[in-house]
Every structure is written in structure tokens, then in C-alpha cells.
Amino acid sequence: MYHHHNHQYNICCVSLLIFLLLATLSPLSNSNQWCDAATGYGESECRLSQSSSSSKILIKGGTVVNAHHQEVADVYVEDGIIVAVKPNIKVGDDVTVLDATGKFVMPGGIDPHTHLAMEYIGITETIDDFFSGQAAALAGGTTMHIDFVMPVNGSLSAGYESYVKKAKMSCMDYGFHAVVTKWDDVVSKEMETMVKEKGINSFKFFMAYKGFVMINDELLLEGFKRCKSLGALAMVHAENGDAVFEGQKKMIELGITGPEGHALSRPPLLEGEATSRAIRLADFVNTPLYVVHVMSIDAMEEIARARKSGQRVIGEPVVSGLALDDSGLWDPDFITAAKFVMSPPIRKSGHGKALQAALSRGILQLVGTDHCTFNSTQKAMGYDDFRKIPNGVNGIEERMHVVWDTMVESGQISVTDYVRVTSTECARIFNIYPRKGAILAGSDADIIIFNPNSSFEISASSHHSRSDTNIYEGRKGKGRVEITIAGGRVVWENGELKVVPGSGKYIEMRPFSYLFDGFDKADANYLSSLKAPVKRFRAEY
């Protein structure tokens, strides 16, 4: 696979070099950067396309779908913004017209959970950077993602600066969450800076990965309190890290060193316990909570119980947990088995169906991917010890297709619900709606044209990630993203990517989303309900 891509990459670079010699245009002076970024693409895809730069687009005759409404209408786009959504829009000759008759016109997907260019415990880095990961996303109909800023030696500010550099090659819009791994006055102050100056409105706490990024309950409580005061959303990776550590030792002692040991060492009850603990501590502080990658019935039922009682808890399943089971981890081929290693693990058959049902009933609200790709060479670092296999799977390119096939084609959710769980609810939770997540006048022109009568097939040989494996290898299904428009430009059409490094924008996200509505009143009611402190008199004896 790599030989093939490198050959095409060389052709691409030679073509660009010839073009530069002929044209000597200064705007293309970063062509080497472009070619470096484009490693892994076919010859036809590694090019700057003028056809994608039209600032005026009319999408004609499609069924426009928003989270709460669908209608047959035209969509007119100018300079990256949706100008009008109504039937029979008339335009001049300078407008690119796209026929969407018989197709759905929907907001581009927003992936709330990705790890691009992420260092893995100081040993290696995810194979997809901000360019290749985003290019893959665009080919799959996702037009924005929110990535996790990992701190540098505990420093959020240093981590943020590092990620600003990593994102310079972005070809679509993106936002940031920040990860908190230690606690002191500096970190507390940095959280305020992130929220008030850097456009970050969410912080993630790892309850797992003992000895690396795991935090204890004391830190979790401090973090939750700080999130509440800043109007930022607290997010948790919910597994009991101490128990996982014990589970790993137990498997090694039993001689189970392969990828199956990964799943066996961190069973669903440990995810359920941590989810329950995080939910109760968030309730104690009285702040909203977002549980990332809900992978098991155990965790889902804790979220269901909390939501039923009126607590503000968001549950995010990821595509792998919805669509796959853990049987791949028992594959006799190490590379095949290792590609499925992620945390929490993909679960036994039955969990996925239950998570699908929870998503369809609103117990879980939006779908992420936890796209965190390592190639087979990187995964092989744990050949003799599953604890050393880098954790992570692909999904940023496959999410929109697999969710459609799994949830809509099966009749579990409507087309409007599909828009809600893949785009709109994410935009609402992270306070960027209706700029994102909607086909409305004034919204950003991040749009997909989706053909429900077409079909897709997934393979590592045709995907756009730099990884040489794909956990959905060979999967076929109905529905296909035929055109992706990002920032008002056609970036995916006729199976061809037309992307420009550096064209993506950082989207600042303001604090105090709708999830915080009413918390001030609830706190006031709590204080008035205490009947305390009691005024007592000291008896004279």
C-alpha cells in the first residue's frame, strides 16, 4: 500500500514542480508543504483545484434536512455562508449549480471526539495528522471535528500552543477540548485562560491510564468545581484505572498477552463503576457531565438512570461501539486483532445493539469516533504484551456512512434524527449552533449531498487515512456522501478530494451552553432548602 502511494505522491510532486516552474506563482510557494501533507493520496487527489474555489453555489431540488424539519428546497451559498434556503431560487451564470434532486441536503457532520497528531505516552504519534485526518473526514461527509489538546508536562497553555502548530495544515474547521491531568493553582488559572481567551469550553478528565494521565477523585472534584464556575463542560473517560491495572496484571499472570487480554483486563463493570462515580460526583458539585465513548450496557444504564432523575448527563457512543463486537480481538492474526484495540474496549455482541437502542431513544445524544489511528507497525509494539499496543481505531471518514447504515437503514432513527446525532446536537452542546449544525440562512456553508439510493464499501486500500488497516474492512452498506462542501467550497465530488492545507478555521466555542440553563436557580433552591445553619443558643447551667 505504501509503495503504491509513494509512487503517486512522487508523480504529484513532480507535477507540481513542473507547474511551479511554468507558472512561478507566489501563492503556490508552499507546494513542498502541500506535497508532504498529501502523502497517501492518489495522483488525481493531490492537487490544488480551481473548480473548488467558486464562492457562489446553488444546490437545487434536494430535500433539505435539519434536526427538526425537512423540506424540498434550494440552498444558495455565497462566500462560505448559506444565504437562502427556499424553493426555486434563481441565480446568474457565475454560480456553480449542483443538482440534488432525489437526494438529501444535510449539515456536514461534526465529530466531537478525535485525536489527530497525538503523542502516545511519549513513544509514538497517531499516524493521521490534522491534514490527513481532516481530508479523510471530508471524504466521509464530516466538515468539523473537535480534538483534544493534550497538556505538555501538565501545562494546558503549552499544550494549546503545541496544538495550534499541529493544526496549521488544517483543511477544514476544527475546535479544541483540553485535557486536565494534574491540579494546582497554575492549572486552575490556565483553565480560565482557555475559556476566556482561547475559545475552549470543555475539559476532559481521564479516570483510566494509571501512571500516565489518570486522575483521582480529589482532582476530579476540583476540576468539576472549576468547570462549573467557568461554564465549561466537564468530560470523562470513565473506567476504573486502578482496577484496570489489576486486571492487566492478572491477564499477564495467566499468560494472556495478546489483544484479547486487552478486553478481558477491563470488563464492562469497570466502565459502569467509573461512569456511576463520575455521575454522582458531578451531581454532588451540581454541574453538567459529558461521558465520552460509552461502550457498554453498564455505562449506558448509569447514564439512563441519571437522566431519568433529571440530571444533565450527555452520553456519547462511538461508531465502533455501535457497529462492531469484540470478536476481532480473538483473531489469530495479530495485526488484524490489534487494530481493534481501543479503550474502553469494543464489547461482546449485544452491547452494540443496546447502545443503538439507547441512541434511538435519546438516552445517548450524539455519535463520535475517538479516531486515534496507529498503523500496523505501531500496533506491533505490543506484540508480546497487549499493554504496549497503542490504543485507538479509525472512524473519522466512516462515521457518517456507518451511522446511516446502522441506524437509518435499520429503521431505528429518522433522517432528521440522523442530522441531530451526527451534527446538530454536537453544535448545541459545544455552543456553536446555529453557525454549525444547520442548513439555515446565516449558517456556515458546511453541507453534504447524500444519496440514500447509492452504496458504500469500506477498505484500507481506498480510504484516505494514512493507516494501513481499517476496522470496518470489507463493510458494505446503503447511502453515500456524494458531495461535501466545507466553508462554501466543494471539497469532495465524484470520488475526488480537492483540499487545501491551511484553509481550515479554528472555531472558538463560548462557555455556558444550554446545558447550564437553570443551574443558578437550582443552586439557589438548594441553599434555601437546607434549613441551615441552625441558630442555637447556649444553655446556662
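Values in this document were obtained by computation on a predicted structure and should not be read as measured data.

**Student:** Explain unusual backbone geometry to me, using residue names and the numbers behind them.
**Tutor:** Along the chain, Y433 connects to P434 via a cis peptide bond; the corresponding omega equals 5°. Within the element layout of this structure, P434 appears in the loop between α16 (415-429) and β15 (447-457). Cis geometry marks the peptide bond from A532 to P533, where omega comes out at 0°. Looking at the element boundaries, P533 is found in the segment after α17 (519-529). One non-glycine residue, N88, adopts positive backbone phi at about 55°. Positionally, N88 belongs in the loop between β3 (81-86) and β4 (96-99). Look at N153: it is not a glycine, yet its phi comes out positive at around 50°. For N153, the location among the structural elements is in the loop between β9 (142-149) and α4 (156-166). With a relative accessible area of 75%, N153 lands in the exposed category.

**Student:** Quick one: what's the story with the packing of helix α10 (residues 297-308) against helix α13 (residues 351-361), residue by residue and with numbers?
**Tutor:** Each pair of packed helices gets described by two things: the angle between the helix axes and the distance between those axes. Two numbers describe how α10 lies on α13: the axes approach to 9 Å, and their chain directions differ by 25°. Between α10 and α13, the angle falls in the class roughly parallel. Crossing geometry of α10 relative to α13 is assigned as left-handed. In contact with I297, D298 and M300 of α10, α13 contributes H351, A354, L355 and A358. A breakdown of the residues in the contact of α10 with α13 according to their chemical character gives five nonpolar, one polar and one charged.

**Student:** Describe a nonpolar patch on the surface, with residues and values.
**Tutor:** A cluster of nonpolar side chains, contributed by I121, I123, F212 and M381, occupies part of the molecular surface with about 400 Å² of accessible area. When you line up the elements, M381 lands in the loop between α14 (376-379) and α15 (399-408).

**Student:** Account for the packing of aromatic side chains, with residues named and values stated.
**Tutor:** Going through the model one piece at a time under the given rule, you end up with 20 aromatic pairs. Each ring, one from F104 and one from W404, has its centre 5.8 Å from the other, and the planes form 50°; the classification is tilted. With F104 in strand β5 (residues 104-107) and W404 in helix α15, this residue pair connects regions lying 300 residues apart in the sequence. Relative accessible area serves as the criterion here: at 14%, F104 is assigned to the buried category.

**Student:** I'd like to hear about the pairing of strand β1 (residues 56-66), residue by residue, with values.
**Tutor:** The buried count for β1 comes to eight of eleven residues, which makes it a mostly enclosed element. Where β1 meets strand β2 (residues 69-78), nine bridges bridge the pair, whose relative direction is antiparallel. Its bridge partner being in β2, I57 is matched across the sheet by V77. Connecting β1 to the antiparallel partner β2 that follows it, the hairpin turn spans two residues. When β1 meets β4, the two strands line up parallel, connected through four bridges. Residue pairing for β4: K60 is matched across the bridge by D99. Inspection of the sheet shows β1 paired to β5 by two bridges, in the parallel sense. Bridging across to β5, T63 finds its partner in F104.

**Student:** Could you give me a rundown of the sheet that holds strand β13 (residues 289-291), with the residues and numbers involved?
**Tutor:** Read from one edge to the other, the open sheet built from seven strands follows the order β6-β9-β10-β11-β12-β13-β14, with strand pairing classed as parallel. Looking along the sheet, the strands with just one partner apiece sit at the ends: β6 (109-114) and β14 (313-315). Direction aside, neighbouring strands of the sheet carry axes that sit 25° apart on average. In the sheet, strand β10 (residues 173-179) pairs with strand β11 (residues 202-206) via two bridges, with the strands oriented parallel. The partner of A178 across the bridge, within β11, is F203. Helix-sheet contacts for α4 involve β9, β10 and β11, and the interaxial angle to β9 is about 145°.

**Student:** Break down the environment of L219 for me, with residues and values.
**Tutor:** Tracing the chain through its elements places L219 in helix α6 (residues 217-230). Given the relative accessible area of 11%, L219 is considered buried. A C-alpha to C-alpha distance of 28 Å links L219 and V367, two positions 148 residues apart in sequence. In contact with L219, not counting residues within four places along its chain, are V180, T181, K182, W183 and F205.

**Student:** Describe in detail the environment of E119, supporting the description with residues and values.
**Tutor:** Considering the arrangement of structural elements, one finds E119 in strand β7 (residues 119-120). C-alpha of E119 to C-alpha of F340: the two residues are 221 residues apart in sequence and 19 Å apart in space. Residues contacting E119, with those up to four places away along its chain left out, are T124, E125 and K166.

The rules we used
- Residues numbered from 1 in each chain as written.
- Predicted model: local features only at pLDDT ≥ 70, side-chain atom pairs only at ≥ 80, totals over all residues.
- Heavy atoms only, no water.
- Helix = DSSP H or I, 4+ residues; strand = E, 2+ residues; numbered from the N terminus.
- Buried < 20%, exposed > 50% of the residue type's maximum accessible area, 1.4 Å probe, protein only.
- Axes fitted to C-alpha atoms, helices over the stretch in contact; angles between N-to-C directions.
- Parallel < 35°, antiparallel > 145°, perpendicular 65-115°, else oblique.
- Left-handed = near helix turned anticlockwise from the far one by under 90°.
- Contact = heavy atoms within 4.5 Å.
- Nonpolar A, V, L, I, M, F, W, Y, C, P; charged D, E, K, R; others polar.
- Patch = residues over 30% accessible without salt bridge, like charges linked within 9 Å, V, L, I, M, F, W, Y side chains within 5 Å.
- Areas by Shrake-Rupley, 256 points an atom, 1.4 Å probe, with all protein chains shown as cover.
- Salt bridge = Lys/Arg side-chain N within 4 Å of Asp/Glu carboxyl O.
- Phe/Tyr/Trp six-rings, centres within 6.5 Å; stacked < 30°, edge-to-face > 60°.
- Pairing = 2+ DSSP bridges.

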